[in-house]
Amino acid sequence: MMMGAAFHDNDDKNDAASEDYESSDSEGEDNLDDIPDTREYMPLDVEGLHSLGIGGSGGGGGSKMHSNDGGYTMEDLQSMTMNDVDDDEDEDDEDQEDMDDVQLRDSDALIVVAKTEEDFASLEVNIFDTHSSNLYVHHDIPLPSYPLCLALGCVVPSENNNGTARAGNYVAVGSFEPAIEIWNLDVMNALEPTLVLGGMDTRGAEENWIRMHQAMKPSSTTISDKKMQKKTKKTKNGGGRGGRGTVGLREGSHTDAVMGLSWNTVHRQVLASASADGTVKLWDVTQTHGDYIRPSATLAHHTDKVQSLAWHPTEGTLLATGGYDRRVCLVDARSAAAVSTADNANQSVKTAKLLADCEALAWDPHNQQYLTAASEDGTVQCWDVRKFGSNPVWSFVAHEYGGVSDISYNAQIPGMFVTCSIDKTVALWDTQSNTSPTPQPCGSKDMSVGKLYSVSCYPSSPWLLACGGSGNEVAIWDMEGEDAIRNRFAGRVQSKSPAATNSNDEEEERDFEAIIAAGDNDAATLKALEGMNKSKKKKGKKKSKAHRRK
């Protein structure tokens with residue numbers, strides 16, 4: 001056996017010996033030259049590796065980059081982190097793309113949608129890019145119960161509150177449960193709502209469960225049927241209007257489903273809620289009592305379920321409500337103590353009658369003395385609240401089949417009024433038509449998303465509106481491409497919402513608040529109505545013919 005033999009050309013003896021040794025060995029071995037080599041291998045392309053900067057011949061070895069040929073040794077490759085650097089760059093690019101996806105732009109329109117699919121409910125924040133007409137979901141929020149109503153608000157807490165809600169954009173969600181959830185839209189991937197108004201009182205739930213579990217265990221002395229019946233009666237619902245009891249609910253909570261919500265646009269931390277229990281509650285989300293928020297007031301002026309409600313755009317204490325008792329009511333929120341019972345309601349609440357159940361309410365942002373209500377039978381009526389309770393200013397049937405499910409005014413185009421119905425269509429109306437005292441039709445469109453339940457005009461653009469229906473989809477109508485609509489309304493487009501500018505002087509507002517604080521509810525209501533009339537005279541606008549009495 002040879003180990004490390006060295007061959008030298010000038011050593012003839014060693015060469016001859018080696019040749020004799022190889023020849024003697026080859027004689028006893030088989031000749032393998034004719035047998036083909038079937039091994040699979042790739043030849044090593046050294047020049048190609050050099051061109052890639054691999055396997056340079058700069059000498060010296062080590063993990064150092066050689067400058068004479070620009071290549072890397074194998075040791076260089078083992079110690080290098082070039083791949084990691086590339087991965088970091090890719091991750092940075094992906095992070096930047098993710099930031100671009102979630103970052104909001106001035107041209108984006110936000111649409112908040114309550115969605116249900118079989119046994120799952122969620123709240124989706126959609127973004128519509130007005131430049132590319134691209135609609136996508138920005139983020140979603142899972143909901144514990146099927147939603148019935150939504151209300152968007154920008155909360156601005158006062159300096160004197162003991163504060164739970166911070167300034168920001170919030171959405172209030174009402175569902176079949178008596179609780180009202182308030183979610184912060186400025187927070188993505190929120191795990192729980194910012195606030196919960198009313199609902200089940202979970203304090204001591206664990207102790208109650210243990211107590212009940214111990215009571216159900218058999219003991220030496222068996223619990224008699226009478227004791228079990230008494231225990232069952234104590235845990236049953238306590239009755240109350242709406243069919244659901246108050247046992248286990250937080251103090252002041254609704255006792256049935258929440259059907260309507262409205263944020264106050266003047267006192268932005270105030271939320272009004274309407275329920276199937278027949279009551280309307282006012283909540284100040286910045287005021288806590290203990291570990292939860294109690295309602296500031298409870299109104300019981302309706303005798304049936306309350307479907308919808310709407311705060312006045314500039315008078316922060318006037319609230320309109322509509323219910324299944326076929327009445328639309330106008331109430332001063334500061335007189336809540338006088339309307340806390342149905343017996344005293346008629347003394348402080350102004351009422352107008354409907355022919356069917358009320359489905360939606362809306363204030364005209366350009367003529368803020370006008371309140372509009374939509375009924376289940378498809379009728380839409382408008383009243384001048386300075387003469388509320390008398391005959392309506394105008395009334396017409398908007399949808400003959402399916403009734404009207406929702407209504408909306410365009411904040412940037414005076415006179416543009418929108419209705420939607422379960423007949424799957426959206427209809428446009430002109431309330432300032434010079435040819436007729438009633439609103440004139442300006443076109444309709446089948447939105448192809450099933451029966452329509454909600455419609456809303458985009459406040460930052462005069463030509464966009466969105467609606468949602470039974471198809472679990474959102475439909476957006478860009479009316480800018482409709483020649484007939486543009487020809488009719490283009491001359492009326494305003495740059496700013498009148499709700500932000502059509503307000504009374506500060507002195508008049510202070511007087512109005514002072515009168516209410518003094519407890520003179522009738523005088524406060526009259527002052528508010530006179531203020532609306534004065535502000536209209538200051539503008540110098542004539543009364544529209546579209547609002548003449550029939």
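Keep in mind that this is a model prediction, so the values were computed, not measured.

**Regarding the overall build of the protein**
Next up, step 1: Within the protein, the regular secondary structure consists of 11 helices and 26 strands.
Next up, step 2: In the protein, which comprises 550 residues, the proportion classed as buried is 43%.
Next up, step 3: Once local pairs closer than 6 in sequence are excluded, the contacts in the protein between residues at least 24 apart make up 50%.
Next up, step 4: As displayed, the protein offers around 31,400 Å² of accessible surface, 48% of which is attributable to carbon and sulfur atoms.

**Describing the sheet that holds strand S13 (residues 318-323)**
In a beta sheet, neighbouring strands pair by backbone hydrogen bonds and run either parallel or antiparallel.
Next up, step 1: Across the sheet, 4 strands lie side by side as S12-S13-S14-S15; this open sheet has antiparallel pairing. Single-partner strands in this sheet number two, and they are strand S12 (306-311) and strand S15 (349-353). Strand-to-strand, the axes of this sheet are offset by a mean angle of 20°, without reference to chain direction.
Next up, step 2: Taken together, the 5 bridges between strand S14 (residues 327-332) and S15 define a ladder with antiparallel strand orientation. The residue of S15 that forms the bridge with cysteine 329 is threonine 351.

**Quick word on the side chain of histidine 301**
Next up, step 1: Tracing the backbone through its elements, the reader meets histidine 301 in the loop between strand S11 (297-299) and S12.
Next up, step 2: Residue histidine 301 is classed as buried on the basis of its relative accessible area of 4%.
Next up, step 3: Only 2.9 Å separates the side chain of histidine 301 from the side chain of threonine 321, close enough to count as a polar contact.

**Quick word on the pattern of salt bridges**
Next up, step 1: Applying the stated criterion across every chain yields a total of 9 salt bridges.
Next up, step 2: Here arginine 294 and glutamate 251 are joined by a salt bridge, their closest N and O atoms 3.0 Å apart. Of this pair, arginine 294 sits in the loop between strand S10 (280-284) and S11 while glutamate 251 sits in the loop between helix H6 (225-235) and strand S8 (258-263); the two residues are 43 residues apart in sequence, bridging distant segments of the chain.
Next up, step 3: Between glutamate 480 and arginine 486 there is a salt bridge whose closest N-O contact spans 4.0 Å.
Next up, step 4: Taking relative accessible area as the criterion, glutamate 480 reaches 43% and is therefore assigned partly exposed.
Next up, step 5: Residues joined in a network through salt bridges with shared partners are Lys115, Glu117 and Glu124.

**Structural notes on the packing of aromatic side chains**
Next up, step 1: For the structure on display, the rule yields 5 aromatic pairs.
Next up, step 2: Judged by centre distance (5.6 Å) and plane angle (45°), the ring pair of tryptophan 394 and phenylalanine 396 falls under tilted. The pair formed by tryptophan 394 and phenylalanine 396 is uniform in burial state, with each residue classed as buried.
Next up, step 3: When the ring of tyrosine 409 is compared with that of phenylalanine 417, the centres are 4.8 Å apart and the planes differ by 45°; the resulting orientation is tilted.
Next up, step 4: According to the relative accessible area criterion, tyrosine 409 is buried, its value standing at 8%.
Next up, step 5: Ring pairing ties together the aromatic residues Trp394, Phe396, Tyr409, Phe417 and Trp429, which thus form one cluster.

**Let's talk about the sheet that holds strand S20 (residues 406-409)**
Next up, step 1: The strand order across the open sheet formed by 4 strands is S20-S21-S22-S23, and the pairing between neighbours is antiparallel. Looking at which strands have only one partner, the edges of the open sheet turn out to be S20 and strand S23 (440-446). This sheet shows a mean twist of 20° between the axes of neighbouring strands, independent of strand direction.
Next up, step 2: The sheet contact formed by strand S22 (residues 425-430) and S23 spans 6 bridges and is antiparallel. Counted as the bridge partner of alanine 427 is serine 444 from S23.

**Quick word on the environment of proline 437**
Next up, step 1: Inspection of the secondary structure assignment puts proline 437 in the loop between S22 and S23.
Next up, step 2: On the basis of relative accessible area, proline 437 is assigned to the partly exposed category, the value being 28%.

**Structural notes on the UniProt feature "repeat: WD" (unreviewed entry) in the protein**
Next up, step 1: Here the UniProt feature "repeat: WD" (unreviewed entry) sits at residues 251-285, 299-341 and 360-386.
Next up, step 2: Helix makes up 0% of residues 251-285 and strand 49%, with an end-to-end C-alpha separation of 15 Å.
Next up, step 3: Spanning residues 360-386, this segment combines 0% helix with 59% strand, and its end C-alpha atoms are found 20 Å apart.

**Regarding the side chain of serine 175**
Next up, step 1: Position of serine 175 relative to the elements: it lies in strand S5 (residues 168-175).
Next up, step 2: A relative accessible area of 8% means that serine 175 is categorised as buried.
Next up, step 3: When near neighbours in sequence (up to four residues on either side) are disregarded, serine 175 contacts Ser145, Tyr146, Pro147, Leu148, Ala257 and Val258.

**Concerning the environment of glutamine 287**
Next up, step 1: Positionally, glutamine 287 belongs in the loop between S10 and S11.
Next up, step 2: By relative accessible area, which is 27% here, glutamine 287 ends up partly exposed.
Next up, step 3: Expressed as a C-alpha distance, the spacing of glutamine 287 and glutamine 269, which sit 18 residues apart in the sequence, is 9.3 Å.

**A closer look at the nonpolar core**
Next up, step 1: Val426, Leu428, Met447, Leu465, Trp477, Met479 and Ile485 are the most contacted members of the largest nonpolar core, which totals 20 residues.
Next up, step 2: Elements represented by at least two residues in this core include exactly strand S21 (416-420), S22, strand S24 (452-457), strand S25 (464-469), strand S26 (474-478) and helix H8 (483-489).
Next up, step 3: Ignoring any residue separated from it by four or fewer positions in sequence, one finds valine 426 in contact with Val418, Thr419, Cys420, Gly443, Ser444, Lys445, Met447, Leu452, Leu465, Cys467 and Trp477.

**So, a nonpolar patch on the surface**
Next up, step 1: A surface patch of nonpolar side chains, amounting to about 280 Å² of accessible area, comprises Tyr146, Leu148 and Phe176.
Next up, step 2: As for its position among the elements, phenylalanine 176 is in the loop between S5 and strand S6 (180-184).
Next up, step 3: Note on phenylalanine 176: relative accessible area 45%, which makes it partly exposed.

**Here we look at the confidence of the model for the protein**
Next up, step 1: Residues with a pLDDT of 70 or more make up 60% of the protein, whose mean pLDDT is 74.
Next up, step 2: Considering only residues more than four positions removed or in separate chains, one finds that residues 56-70, a stretch of pLDDT under 50, has 26 contacts.
Next up, step 3: Contacts for the low-pLDDT stretch residues 497-521, under 50 throughout, to residues beyond four places or in other chains number 41 contacts.

**A short note on the pairing of S25**
Next up, step 1: Burial analysis of S25 places 5 of its 6 residues in the buried class, which makes it a mostly covered element.
Next up, step 2: Both S24 and S25 contribute to a ladder of 5 bridges, which runs antiparallel. Looking across to S25, one finds that valine 455 is bridged to cysteine 467.
Next up, step 3: The antiparallel hairpin formed by S24 and S25 contains 6 residues in its connecting segment.

Criteria and cut-off values
Residues numbered from 1 in each chain as written. Predicted model: local features only at pLDDT ≥ 70, side-chain atom pairs only at ≥ 80, totals over all residues. Heavy atoms only, no water. Helix = DSSP H or I, 4+ residues; strand = E, 2+ residues; numbered from the N terminus. Buried < 20%, exposed > 50% of the residue type's maximum accessible area, 1.4 Å probe, protein only. Contact = heavy atoms within 4.5 Å. Areas by Shrake-Rupley, 256 points an atom, 1.4 Å probe, with all protein chains shown as cover. Pairing = 2+ DSSP bridges. Axes fitted to C-alpha atoms, helices over the stretch in contact; angles between N-to-C directions. Polar contact = N/O pair within 3.5 Å; in protein donor to acceptor, adjacent residues only side chain to side chain. Salt bridge = Lys/Arg side-chain N within 4 Å of Asp/Glu carboxyl O. Phe/Tyr/Trp six-rings, centres within 6.5 Å; stacked < 30°, edge-to-face > 60°. UniProt positions renumbered as here; feature names shortened; annotations may be inferred. Core = buried A, V, L, I, M, F, W, Y, C linked by side-chain atoms within 4.5 Å. Patch = residues over 30% accessible without salt bridge, like charges linked within 9 Å, V, L, I, M, F, W, Y side chains within 5 Å. pLDDT = per-residue confidence, 0-100.

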